[in-house]
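Next come the chains, spelled out residue by residue.
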Amino acid sequence: MEIRLNGKVREVADGITVRRLLDQIGLQPLRVAVQRNLDIIKRDRYEEVVLQPGDTIEILSFMAGG
Amino acid sequence: MRDGATLRFGGREFHSRLIVGTGKYPDYHIMQKALEASGAEIVTVAVRRVNLDRTQESLLDYIDLKRYTLLPNTAGCYTAEEAITYARLAREVGMSEIVKLEVIGDQRTLFPDNEELLKATKILVKDGFIVLPYTNDDPVMAKKLEEAGAAAVMPLGAPIGSGLGIRNPHNIMIILQTVQVPVIVDAGVGTASDAAIAMELGCDGVLMNTGIAGAKDPVMMAEAMRKAVEAGRQAYLAGRIPKKPYATASTTMEGMIE
């Protein structure tokens, strides 16, 4: 299925969880924030939240800034 | 007089009064050395999309999280709503309540939109955040931010990245007399004397990024800033002589030949 991830279209497996998506990208659950369709998903729910087709996902972390 | 030995806000205590940003360095290696040379205990970071290409280096590879307290900012936010979203995302990333709240009103000057800033401060304070708002040098605004629950106020010295120094020391001085929370000058510091001036006025700290990152030798400038903040603080605590229009001799006339 298709989702939008950090502004780009991405093909992912049906029924993928947030946790599996992070694993696939190679990101640790610590040190990121995940937003799904304008909702912030708390870290303790990464394993249970299942993505739906057309979801807009933002994965953020701390980057350089003043 | 603000004569505490340490910088304290939000239930935390810091020995360094210099807060340094992580943006705009030539590379992460230089940034890491500059942060070390600055003696800073708090460093600011931004909240942005991760690089999905995991072969690239990332900022957090270069910051020892055991050594530094991260202060996420809401840079790039122009409304209270946006800033609140970013603060909440920052809290999620960093598992910490502390946030440098920026709500920008104008793209050219990057001056704060104080109306939106106050709105966001109230909401975030209620939501349990330790809010450090980036504001202008208006004592009335500083008071309102304090009353809204801000843990400190951070008046700008001059526009972000301008290097113009402390443009209105008189207002900064009035702010110091108006609020009880720490006053940290944030933005506009261009060289060591700017930082020293802020501390000589009695400020509790100074926050800077471009002044160090944009210098020809950021590591050397970071060390200079560390010394400047320490010297300015010491001069403030030592109690300077008053300014007088005319001379008062340092040598007595007594004992001179007739």
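Residues numbered from 1 in each chain as written. Chains lettered and ligands numbered in written order. Predicted model: local features only at pLDDT ≥ 70, side-chain atom pairs only at ≥ 80, totals over all residues. Heavy atoms only, no water.

Engineer: Break down the interface of chain B and chain A for me, with residues and values.
Structural biologist: Contact residues are listed per partner, giving 30 residues for chain B and 25 residues for chain A. With both sides pooled, the region where chain B packs onto chain A buries about 2600 Å², and carbon together with sulfur makes up 65% of that total. The largest share of the area that chain B buries against chain A comes from Arg49, Glu92 and Val93 of chain B, three residues that together contribute 27% of it. Along the contact surface separating chain B from chain A lie 3 salt bridges. Taking the shortest distance from any N to any O, the salt bridge between Glu92 of chain B and Lys42 of chain A comes out at 3.8 Å. In this structure, the connection of chain B to chain A is made through 12 residue pairs in polar contact (both at pLDDT 80 or more). Broken down by secondary-structure element, the contributors of at least two residues to the side of chain B that touches chain A are strand E4 (42-49), strand E5 (69-72) and helix H2 (80-94) of chain B. (Contact = heavy atoms within 4.5 Å. Buried area = accessible area lost by both parts, 1.4 Å probe. Salt bridge = Lys/Arg side-chain N within 4 Å of Asp/Glu carboxyl O. Polar contact = N/O pair within 3.5 Å; in protein donor to acceptor, adjacent residues only side chain to side chain. Helix = DSSP H or I, 4+ residues; strand = E, 2+ residues; numbered from the N terminus.)

Engineer: Outline the pattern of salt bridges, listing residues and values.
Structural biologist: Following the criterion strictly, the structure yields 17 salt bridges over all chains and no others. Across the pair Glu58 of chain A and Arg49 of chain B runs a salt bridge, and its minimum N-O distance is 2.7 Å. Residue Glu58 of chain A is found in strand E5 (residues 56-63), and its partner Arg49 of chain B is found in strand E4; the two belong to separate chains.

Engineer: Lay out H2 of chain B with the relevant residues and their values.
Structural biologist: All names here are of chain B. In this model H2 runs 21 Å from its N-terminal to its C-terminal C-alpha over 15 residues, within 8% of the 21 Å that 1.5 Å per residue would give. Inspection of H2 places Ala80, Ala83, Ile84, Ala87, Leu89, Ala90, Arg91, Glu92, Val93 and Gly94 among the buried residues, and these make up the whole buried set. Positioned one or two residues after H2, Met95 has a phi angle of 50°, which is positive. (Expected span 1.5 Å × (residues − 1). Buried < 20%, exposed > 50% of the residue type's maximum accessible area, 1.4 Å probe, protein only.)

Engineer: Describe in detail helix H4 (residues 139-147) of chain B, supporting the description with residues and values.
Structural biologist: Residue and element names in this part refer to chain B. When H4 is considered as a whole, its buried residues turn out to be Pro139, Met141, Ala142, Leu145 and Glu146. When H4 is viewed along its axis, its buried side chains cluster within an angular range of 155° and face the same direction. Those residues of H4 that are exposed and angled more than 90 degrees off the buried face are Val140 and Glu147. For H4, the N-terminal cap is Asp138; the gap from its side-chain oxygen to the backbone nitrogen of Val140 is 2.9 Å. Gly149 lies just past H4 and shows a positive phi near 105°. (Arc of directions from axis to C-beta.)

Engineer: Could you give an account of the side chain of Lys100 of chain B, naming the residues involved and the relevant values?
Structural biologist: Mapped onto the elements, Lys100 of chain B comes out in strand E6 (residues 98-101). Setting aside chain neighbours within four positions, we find Lys100 of chain B in contact with Gly66 of chain A together with Thr44, Leu71, Pro72, Asn73, Thr74, Leu132, Tyr134, Met154, Asp186 and Leu207 of chain B.

Engineer: An account of the confidence of the model for chain B is requested, with residue identities and associated values reported.
Structural biologist: For chain B, the average pLDDT comes to 97, and 100% of its residues sit at 70 or higher. In the predicted complex, the global pTM is 0.96; the interface-specific ipTM is 0.96. (pLDDT = per-residue confidence, 0-100.)

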